[in-house]
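Each chain, written out:
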Amino acid sequence: MSEIKWLIFREGRRDVSLINSVIMSKFAPLIVILLAVSVQTFGQLGSMEVSGRVKIGTKQEKLTRKRFYLFRGGLEANKALVEKLKAAAPVSRDCFYCTQKASAEFIAWLRAGDCETPYCREITADDAQKVPEFKAAYQKGLTQFKRKPELAQKWLTTNLPAGLRDGFYREQKTMIGGLLGTLKPVQSVMTDSVSVKGIFIDIPLELAGKKTGKFLVSNLLPMEVGDKSFVWACEIEIGAEKPAVLKLTEGKTKACEVIVRPITACAAGVCAAK
Amino acid sequence: MKNVLRIAVIVIITAAGAAVMLMTASAQKKRNEFYHDTAAHKKLNCASCHKNPTPNSEAVRGYPDVADYPGHASCISCHRADFFSGNRPAICTICHTNPGPANGKRFAFPQRSRPHEFTTIFPHDVHQDIIALNVTPATGPPNSRRVGGATTDALFVRASFPMAAPNTHLGALAYARATDTDDPAPTFNNCAICHQTASELPKYAAINLPNGKALSPAVGENFKPEAGFFKDSPMGHQTCFTCHYQGQKPVRTDCAGCHSASERYKDTGVTERYSLKFDHQSANHVNKDCTTCHVRITQTKDLAAMKGADVPFVTCASCHAAQLKEETDKRAGAATFQCAYCHSPEVGRFEIPPSHRNR
């Protein structure tokens, strides 16, 4: 360093190339090491799989087409999130639709297909006669799309009230927003319906010389199974060598916080308890 | 002093007049073309010109839609002079086939020969979320886009097939994923609401690999994919309007909710693939959920922004490790060997990418 100062003093700013060459000769090894470390730290990718098969009670449940989120850091690093998950007061599907004054037939239709919204499956002509909300939407469509009953049927959801249409989805988005705040997941994936797995791929690792890095996997939104809802927040080590695999359990483990809540009855006498 | 002021006013008025004349004259040359991306047009709201639905839409499309050009009123407030410019004003030729007082015939809307000026943004992640919980609909209208009928065609018995044992890295992950499927077939793939098996062979091509290194000239091969190898995509608004005609945002009048201004481009209509030989309908593919292989799609807000292949190679290797090994071994023996199990020669002659080697 003193050599460089002396050079600058002696040469002023005239001989920049000379100064540069001295800097390079002095610091080149350090730059190389820094580059290597940064590549080692930030350049590696990992992958992990979360299995949606979980034994609850005596039954092997399949959590198909459910979204899981991946966060950097383990349970300790994400303590605030975990605490929020524990403190959250999620609204169950049935309770939400109760607050929307949905008919018993509408809720039964959702339940029959394990649906969260009316977009989940085809609303048949039969459904449009049996479910009062669908019937009303269909009638509205008939007036609007004159002489096009098939269009009134096919575009039926466009005449449903907003709360019944995508209100539950919006409620869930709001809940996720509240849970995350400024926290951003690294990725999110959805389990498929055949292998019942979600694959996180090309996870940018920040290993800093270690073989694996800690991550947290959570579904954030309670998954309703039977008469309970489940939120998992599981710590997992992910490295570049081999894929990590997360298997969910019904109860809490050392690496997994499992928040289990009973699905309570809503507005007794209006909507039946699950 | 008064004279100076008068002269100044006259000069300014003359200059302004000349500028308007000049602008009009230069713009006049382009009056037979219409683009959305001019400064003046960009200031306008889409709905200020495009009405949705247009009166002709039911007759033309069979459902309420934008099926016609904006009316004269949309243009005339700014282009009055152009409307009365000559016997056959150039501006008329934008929409009219043979402009004249006795002929109001217009080109079909939209004009497919014109370059596109917008891209469509479809957030797959949101749609996967909101229609994620599914069961097979028992019945559906015969012409329904839903898969009530389609999946019955797809219910192949899952045949056994050889699978290489896991060795390294992602191999283990892929192996486990592929072997741990005790369900005979997906009960419902919500992707099929919009993407159905193509009924006609689309225009297709092997994907261009500009950065790859071809190791030999492409060998001749007689392979031709069939229509069933491909899936189609919605064309027009009909599928979108099923949910978004009204109520569910973005609604039909919110064009920018789905369409984003882009550089002008011509849609070739060519489906490009890395693996032209991939058959969606083969027995061991049709029994998977789309997202078993299209892993990234459930987290994708915009296809154009997606990094990496939509289908990561790991999902292919889960079942085809043996073929992969066979072909990479052959390539190791002879650089001119062209991988042909999945690829057509246009791709199979290139260097094997790292994703295929690190198994």
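Residues numbered from 1 in each chain as written. Chains lettered and ligands numbered in written order. Predicted model: local features only at pLDDT ≥ 70, side-chain atom pairs only at ≥ 80, totals over all residues. Heavy atoms only, no water.

**Let's talk about the overall build of chain A**
Assigned secondary structure in chain A consists of nine helices and eleven strands. Every one of the 274 residues in chain A was classed for burial, and the buried ones make up 50%. Counting only contacts in chain A whose residues sit at least 6 apart along the sequence, the fraction spanning at least 24 positions is 65%. Of the roughly 13600 Å² of accessible surface on chain A, 59% is carried by carbon and sulfur atoms. (Helix = DSSP H or I, 4+ residues; strand = E, 2+ residues; numbered from the N terminus. Buried < 20%, exposed > 50% of the residue type's maximum accessible area, 1.4 Å probe, protein only. Contact = heavy atoms within 4.5 Å. Areas by Shrake-Rupley, 256 points an atom, 1.4 Å probe, with all protein chains shown as cover.)

**Description of the overall build of chain B**
What chain B contains, in helices and strands, is 13 helices and four strands. The buried share of chain B, reckoned over its 359 residues, is 31%. If you take every contact in chain B between residues at least 6 apart in sequence, the share linking residues at least 24 apart comes to 70%. Accessible surface computed for chain B: about 21300 Å², of which carbon and sulfur atoms make up 61%.

**A word on the state of the cysteines**
For the structure shown, the criterion picks out two disulfides over all chains. The residue that forms a disulfide with Cys115(A) is Cys120(A), at a sulfur-sulfur distance of 2.0 Å. In this structure, the disulfide formed by Cys115(A) and Cys120(A) twists by about -55 degrees around the S-S bond and is classed as left-handed. The pair Cys115(A) / Cys120(A) is uniform in exposure class, with both members buried. Across the disulfide, Cys234(A) is cross-linked to Cys256(A) (sulfur-sulfur distance 1.8 Å). Between Cys234(A) and Cys256(A), the disulfide has an S-S torsion of 115 degrees and is therefore right-handed. Pair noted here: Cys234(A) is in strand S9 (residues 228-239) and Cys256(A) is in strand S11 (residues 256-262), with a separation of 22 residues, a long-range link. Cys78(B) forms no disulfide, and the closest cysteine sulfur to it belongs to Cys49(B), at a distance of 8.6 Å. (Disulfide = S-S within 2.5 Å.)

**Quick notes on unusual backbone geometry**
Put simply, Asn52(B) and Pro53(B) share a cis peptide bond, and its omega is 5 degrees. Structurally, Pro53(B) is set in the loop between helix H2 (39-42) and helix H3 (57-60). Its identity as a non-glycine residue notwithstanding, Val196(A) has a phi of 55 degrees, on the positive side. Within the secondary structure, Val196(A) sits in the loop between strand S5 (187-190) and strand S6 (197-204).

**Quick look at the layout of surface pockets**
It is the rolling of a water-molecule-sized probe over the atoms that shows where space remains empty. Considered as a void within the structure, the second largest pocket measures approximately 870 Å³ in volume. Taken together, 29 residues make up the lining of the second largest pocket; nearest its centre are Val186(A), Gln187(A), Ser188(A), Gln299(B) and Lys301(B). At the level of elements, strand S4 (67-72), helix H9 (162-180), S5 and S6 of chain A together with helix H5 (124-130) of chain B are the ones that each hand at least two residues to the lining of the second largest pocket. Here the lining of the second largest pocket takes four residues from H9(A), the largest share from any one element. (1 Å grid on protein atoms, 1.4 Å probe; cavity = no way out; pocket = protein on both sides within 12 Å on 5 of 7 lines; lining within 4 Å. Points joined across faces, edges and corners; volume = space filled by probe spheres on them.)

**Observations concerning the pattern of salt bridges**
With the rule as written, the count across this model stands at 23 salt bridges over all chains. With a shortest N-O distance of 3.4 Å, Lys214(A) and Glu237(A) are connected by a salt bridge. Taken together, the residues Lys214(A) in strand S7 (residues 212-218) and Glu237(A) in strand S9 connect sequence positions 23 residues apart. Of the residues examined, Lys214(A) reaches a relative accessible area of 41% and is grouped as partly exposed. When its relative accessible area of 37% is taken as the criterion, Glu237(A) is described as partly exposed. Close ionic contact of Arg106(B) with Asp68(B) constitutes a salt bridge, the shortest N to O distance being 2.7 Å. Of this pair, Arg106(B) sits in the loop between helix H4 (72-83) and strand S1 (116-120) while Asp68(B) is found in the loop between H3 and H4, placing the two residues 38 residues apart along the sequence. Look at Arg106(B) and you get partly exposed, because its relative accessible area is 38%. Judged by relative accessible area, Asp68(B) falls into the buried class, the value being 15%. Among the charged side chains, a network of salt bridges with common partners joins Glu83(A), Lys86(A), Lys252(A) and Glu257(A). (Salt bridge = Lys/Arg side-chain N within 4 Å of Asp/Glu carboxyl O.)

**With respect to the pairing of strand S1 (residues 45-51) of chain A**
All names here are of chain A. Extensive coverage of S1 is indicated by the burial of six of its seven residues. Two elements, S1 and S6, share six bridges in a ladder whose sense is antiparallel. Bridge pairing links Glu49 to Ile199 in S6. Pairing of S1 with strand S10 (residues 244-247) involves four bridges; the strand directions are parallel. Considered in S10, the bridge of Glu49 is made with Val245. (Pairing = 2+ DSSP bridges.)

**So, the packing of aromatic side chains**
All names here are of chain A. Enumeration over the complete set of coordinates arrives at 16 aromatic pairs over all chains. Taking 5.5 Å as the distance between ring centres and 50 degrees as the angle between the ring planes, the aromatic pair formed by Phe96 and Phe168 counts as tilted. Residue Phe96 is located in helix H4 (residues 93-99), and its partner Phe168 is located in helix H9; the two are separated by 72 residues in the primary sequence. Residue Phe96 shares its accessibility class with Phe168, and that shared class is buried. Among the aromatic residues, those joined into a ring-pair cluster are Phe96, Tyr97, Phe106, Trp109, Phe134 and Phe168. (Phe/Tyr/Trp six-rings, centres within 6.5 Å; stacked < 30°, edge-to-face > 60°.)

**Considering H9(A)**
Two residues of an α-helix separated by three or four positions point the same way, owing to the 3.6 residues in each turn. The terminal C-alpha atoms of H9(A) lie 25 Å apart, and with 19 residues this matches the ideal 27 Å at 1.5 Å per residue to within 8%. Of all the bends in H9(A), the greatest, near 40 degrees, is centred on Phe168(A). Among the residues of H9(A), those classed as buried are Gly163(A), Leu164(A), Arg165(A), Asp166(A), Gly167(A), Phe168(A), Tyr169(A), Gln172(A), Ile176(A), Leu179(A) and Leu180(A). Packing partners of the buried residues in H9(A) comprise S4, helix H3 (79-87), H4, helix H5 (104-112) and helix H7 (132-144) of chain A together with H5 of chain B. Directly beyond the C-terminal end of H9(A), a positive phi value near 60 degrees is found at Gly181(A). (Expected span 1.5 Å × (residues − 1). Bend = angle between axes of the 7 residues up to and from the residue.)

**A word on the confidence of the model for chain B**
All names here are of chain B. Chain-level statistics for chain B give a pLDDT mean of 80 and a share of 79% at 70 or above. Model confidence for chain B, summarised as mean pLDDT per element, is weakest for helix H6 (residues 150-154) at 27 and strongest for strand S2 (residues 203-206) at 95. Across residues 24-28, where pLDDT falls below 50, the model places two contacts with residues more than four positions away in sequence or in other chains. Note on residues 134-179: pLDDT under 50 across the span, and 98 contacts to partners over four residues away in sequence or across chains. (pLDDT = per-residue confidence, 0-100.)

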